[in-house]
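Architecture at a glance
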Amino acid sequence: MKELQAILDTLEPTEALAALLPELKTILAQVDDEARHRFVAEMIGGPEGDKVSSMVDL
């Protein structure tokens, strides 16, 4: 995990997001709806069950 963080620290934010996107898509496709919603809610800083995250269709 430290190696991944070190790599991400060398990238611009948009480059880091672009690098992570394919892997996140793969991971999110393998978990249930509840886990995806919880992840999105935590990512946007809202409480679990936030209306915005529940509207996101992954």
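Quantities reported herein were computed from a predicted structural model and do not represent experimental measurements. (Residues numbered from 1 in each chain as written. Predicted model: local features only at pLDDT ≥ 70, side-chain atom pairs only at ≥ 80, totals over all residues. Heavy atoms only, no water.)

1. A word on the overall build of the protein
A tally of helices and strands in the protein yields four helices and zero strands. Looking at the 58 residues of the protein, the share that counts as buried comes to 16%. (Helix = DSSP H or I, 4+ residues; strand = E, 2+ residues; numbered from the N terminus. Buried < 20%, exposed > 50% of the residue type's maximum accessible area, 1.4 Å probe, protein only.)

2. So, the pattern of salt bridges
Evaluation of the coordinates by the stated rule reveals two salt bridges. D33 is the partner of R36 in a salt bridge, and the nearest nitrogen-oxygen pair spans 2.2 Å. Highlighted residues: R36 and D33, both in helix α3 (residues 33-43), separated by three residues, approximately one helical turn. Here E34 and R38 are joined by a salt bridge, their closest N and O atoms 3.4 Å apart. Within this pair, E34 and its partner R38 are both found in helix α3, separated by four residues, close to a single helical turn. (Salt bridge = Lys/Arg side-chain N within 4 Å of Asp/Glu carboxyl O.)

3. Some details on the side chain of R36
Residue classification places R36 among the buried positions, given a relative accessible area of 14%. Within polar-contact distance, the side chain of R36 engages the backbone oxygen of V31 at 2.4 Å. (Polar contact = N/O pair within 3.5 Å; in protein donor to acceptor, adjacent residues only side chain to side chain.)

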